[in-house]
Amino acid sequence: MAHYDIQRIRNDFPILAATIYDKPLIYLDNGATTQKPQSVIDAISQYYSTLNSNVHRGVHYLSQRATDAFEASRKKLQVFLNSLHDHEIIFTRGTTESINLVAACYGKAFVNAGDEIIISALEHHSNMVPWQMLCEDIGATLKIIPITDAGELDMDAFRLLLNDRVKLVAVAYISNSLGTINPVREIIKLAHGYDIPVLLDAAQAVQHVPIDVQELDVDFLAFSGHKMYGPTGIGVLYGKEKWLNKMPPYQGGGEMIKRVTFEKTTYNELPFKFEAGTPNIEGVICLSAAVDYLNDIGLANIYTYEHELLEYATNALLDIPELRLVGTATEKSSVISFLIGNVHPYDVGVILDKLGIAVRTGHHCTEPLMDRLCIPGTVRASLALYTTVDDIDTLVEGIKKAASMLLA
Ligand code: PMP
């Protein structure tokens, strides 16, 4: 891509200049967390040196400025996702908390014994266990969309699962283990045909593809700041106003109340109803710097760049005779999972680490998916907007070395 200045982008990330065991760092664990650009690092320091104060309750200057910055970040997220209202943006600790919030609050308001919730076979535990817990508590049933051997959802099976007992469909936009991009528009359309709302786990999507919640017509969308070049400990739940208004609060405490007496408490309006206690002020304000960073490059440009890189990497890896790709969906993004012969993924990961290459090994918090594929786990290389062709070439050389050592 001619206009994608990869060197300039890499210069924005100080950690990418690091050496590991005297080798240049090749960071390919972006699915777990991304590195941070200098602008986000500076925003954190700036916040504590110039703005630190509690939000929403102070009359004094600093508190008002911190509140303005906090709410400006909410607005920025609204524009980023193109949500209809800024109060549809709820700040949470991350994807996990966003999904737990919906399971707890939507579950309380809308799910009863005998009802059904649909997830898929490739979900992260974060989009599985909260629904399992809800179903166990309430006496509802969890239904699973099966996948093909390539790691694509079986959409015919999905159609058959839909009926009037289903109260929610919760699926990943992009699989963290396989990279499959799920046909979310079709899923939403089919579910809405039965008036069933859809939650998208966008933890692996929001940093790779442009997302417009109104265009998608999605009901809930969850993601984490730390996977989109922002701080850790901050995340977002987008929810349509019509659902959020009908859901009870998540936690009780300060901020989420309108009036408290010993006899009765009335709750605050959106979004504060779901944001009990002092929020992660630093996280919210600095997430805004991450959104600016993504906007400056442009998600459409990022998608094109990463897609070309994924194709390059897939072809290069397929040249290694002992390597088997895990997850070969037609629509994929930024994640390459693989196995080398019968070697345990961990052993490959350890050798790559000694070469300065950071990959992830194991089940990637998708144990049922690994069971379905009859494997203990995979080696996963996950790409980011700063990954280079050279990174991929070094990975390929590293894998060849690991294969020659482990298969000897
Ligand atoms: N869903 C998916 C698809 C993920 O990849 C992850 C993180 N690996 C999560 C949920 C959980 O995100 P977090 O730990 O930031 O809450």
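This text gives an overview of the structure that appears in the document. (Residues numbered from 1 in each chain as written. Predicted model: local features only at pLDDT ≥ 70, side-chain atom pairs only at ≥ 80, totals over all residues. Heavy atoms only, no water.)

**Thoughts on the site of the ligand**
- Neighbouring the ligand are T95, T96, H124, S126, N176, D201, A203, Q204, S224, H226 and K227.
- Interatomic distance of 3.5 Å between a backbone N/O atom of T95 and an oxygen atom of the ligand.
- K227 is positioned such that a nitrogen or oxygen atom in its side chain is 2.8 Å from a nitrogen atom of the ligand.
- Put simply, the ligand lies in the largest pocket.
- Per-class residue counts for the shell around the ligand are one nonpolar, eight polar and two charged. (Near = heavy atom within 4 Å. Polar contact = N/O pair within 3.5 Å; in protein donor to acceptor, adjacent residues only side chain to side chain. 1 Å grid on protein atoms, 1.4 Å probe; cavity = no way out; pocket = protein on both sides within 12 Å on 5 of 7 lines; lining within 4 Å. Sits in = over half its atoms within 2 Å of the grid points. Nonpolar A, V, L, I, M, F, W, Y, C, P; charged D, E, K, R; others polar.)

**Looking at empty space enclosed by the protein**
- Overall, the coordinates contain two cavities of 30 Å³ or more when judged by the stated rule.
- What lines the largest cavity is simply H208, Y303, E306, H307, L310, K332, S333 and S334.
- Its residues assigned to classes, the lining of the largest cavity comprises two nonpolar, four polar and two charged.
- A volume near 30 Å³ is recorded for the second largest cavity.
- Lining the second largest cavity, in full, are N30, G31, Q204, Q207, H208, S334, V335, S382 and L383.
- For the lining of the second largest cavity, the class distribution of residues is two nonpolar, seven polar and no charged. (Points joined across faces, edges and corners; volume = space filled by probe spheres on them.)

**Notes on the nonpolar core**
- Ranked by size, the top nonpolar core spans 110 residues in total, and within it L81, V169, Y173, L200, I211, L221 and L385 carry the most contacts.
- In terms of residues, this core owes the most to one element, helix α10 (residues 281-297), which gives 11 residues.
- Counting residues domain by domain, this core receives three or more from each of domain 1 (6-30 + 298-406) and domain 2 (41-296).
- Ignoring sequence-local partners within four residues, the contact set of L221 consists of L81, L200, A202, I211, V213, V236, L237 and Y238.
- Membership of the second largest hydrophobic core comes to 26 residues, among which are I99, L101, L237 and M247. (Core = buried A, V, L, I, M, F, W, Y, C linked by side-chain atoms within 4.5 Å. Buried < 20%, exposed > 50% of the residue type's maximum accessible area, 1.4 Å probe, protein only. Helix = DSSP H or I, 4+ residues; strand = E, 2+ residues; numbered from the N terminus. Domains from an automatic or database assignment. Contact = heavy atoms within 4.5 Å.)

**As for the side chain of T180**
- Tracing the chain through its elements places T180 in the loop between β7 (166-172) and α7 (184-192).
- Side-chain polar atoms of T180 contact the backbone oxygen of G151, separated by 2.7 Å.
- Excluding anything up to four places from it in sequence, T180 contacts L122, G151, E152, Y173, I174, S175, A329, E331 and K332.

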